[in-house]
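Working through the structure, step by step
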Amino acid sequence: EGRYYIGHTPVLPLSANLCAWGALLNPVCSPVNLFVNVFTVSNYSSSPFQAQAWLNATLENAAESPHVSSSNIAQHPIRDPVVRLLYAKESGRPSYGTSLLSRIAQPNATIVAQFGGEIIVPPGSSFAVYLYSPGTQRINAELALGWWEE
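Reading the values: the criteria
- Residues numbered from 1 in each chain as written.
- Predicted model: local features only at pLDDT ≥ 70, side-chain atom pairs only at ≥ 80, totals over all residues.
- Heavy atoms only, no water.
- Phe/Tyr/Trp six-rings, centres within 6.5 Å; stacked < 30°, edge-to-face > 60°.
- Helix = DSSP H or I, 4+ residues; strand = E, 2+ residues; numbered from the N terminus.
- Buried < 20%, exposed > 50% of the residue type's maximum accessible area, 1.4 Å probe, protein only.
- Contact = heavy atoms within 4.5 Å.
- Salt bridge = Lys/Arg side-chain N within 4 Å of Asp/Glu carboxyl O.
- Pairing = 2+ DSSP bridges.
- Core = buried A, V, L, I, M, F, W, Y, C linked by side-chain atoms within 4.5 Å.

Under the criterion given, the structure shown has 8 aromatic pairs. Between Trp21 and Tyr130 the ring centres are 6.1 Å apart and the planes differ by 35°, which places this aromatic pair in the tilted class. Residue Trp21 is found in strand β3 (residues 19–26), and its partner Tyr130 is found in strand β11 (residues 125–132); the two are separated by 109 residues along the sequence. Residues Trp21 and Tyr130 agree in their burial class; the two are buried. Ring plane angle 65° and centroid distance 6.4 Å describe the contact between Trp54 and Tyr130, whose orientation is recorded as edge-to-face. One end of the pair, Trp54, is in strand β5 (residues 49–55); the other, Tyr130, is in strand β11, and 76 residues separate them in sequence. Taken individually, Trp54 and Tyr130 each receive the classification buried, so the pair is uniform in this respect.

Right, dumping it as structure tokens:
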């Protein structure tokens, strides 16, 4: 049906005492539920860092990623997602929400977390992945997400 979407953030710099994040926001007026399938975090540096998944975290200083597409490009017209892929390059730690899990992004590697749609996000809610700076070194990372809408 063309309701599976894939997207990624731009490269996100991590610097001292600041976080970066990417999130799927299901708008308040949305007619769909968001089913989180997978996220990946790519670490383009020589230092590890922590990635944490959150539900309904604070999403401050957000920009919208232009890097989103339906995975069914044979369908015409291609459906646009209702859910928005947001990100922030410099942010504080979340001050609200529920932490779900933590992963370590090893140097020059990509981690994958698969959920198979088991995380269901209703309208007015969000799923976010926060990336935590390990210290004073500047690190570049990227986050990709896959989801469907019903």
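Here the narrative resumes.
What follows deals with the environment of Phe39. Looking at the secondary structure, you find Phe39 in strand β4 (residues 34–43). Phe39 gets classed as buried once you look at its relative accessible area, which sits at 1%. Setting aside residues up to four positions removed in sequence, Phe39 forms contacts with Ala53, Leu101, Ile111, Val112, Ala113, Phe115, Phe127, Val129, Leu143, Ala144 and Leu145.

To continue, consider the pattern of salt bridges. The tally for this structure, following the rule as stated, stands at 1 salt bridge. Arg84 is paired through a salt bridge with Glu64; the nearest N and O atoms lie 3.2 Å apart. Within this pair, whereas Arg84 is found in strand β8 (residues 84–91), its partner Glu64 is found in strand β6 (residues 63–64), the two being separated by 20 residues in sequence.

Two elements, β3 and β8, share 6 bridges in a ladder whose sense is antiparallel. In the strand pairing of β8, Gly22 is matched with Tyr87. Relative to β8, β6 runs antiparallel, the two being bridged by 2 bridges. Residue pairing in the sheet places Glu64 in a bridge with Leu86 of β8.

By size, the foremost hydrophobic cluster in this structure holds 30 residues, and its most contacted members are Phe39, Val41, Phe127 and Leu131. For Leu131, the contacting residues outside a window of four places in its chain are Leu12, Leu14, Leu18, Cys19, Ala20, Val41, Phe49, Gln50, Ala51 and Ala141. Cys19, Trp54, Ala128 and Tyr130 belong to the second-largest nonpolar core, a separate cluster that totals 10 residues.

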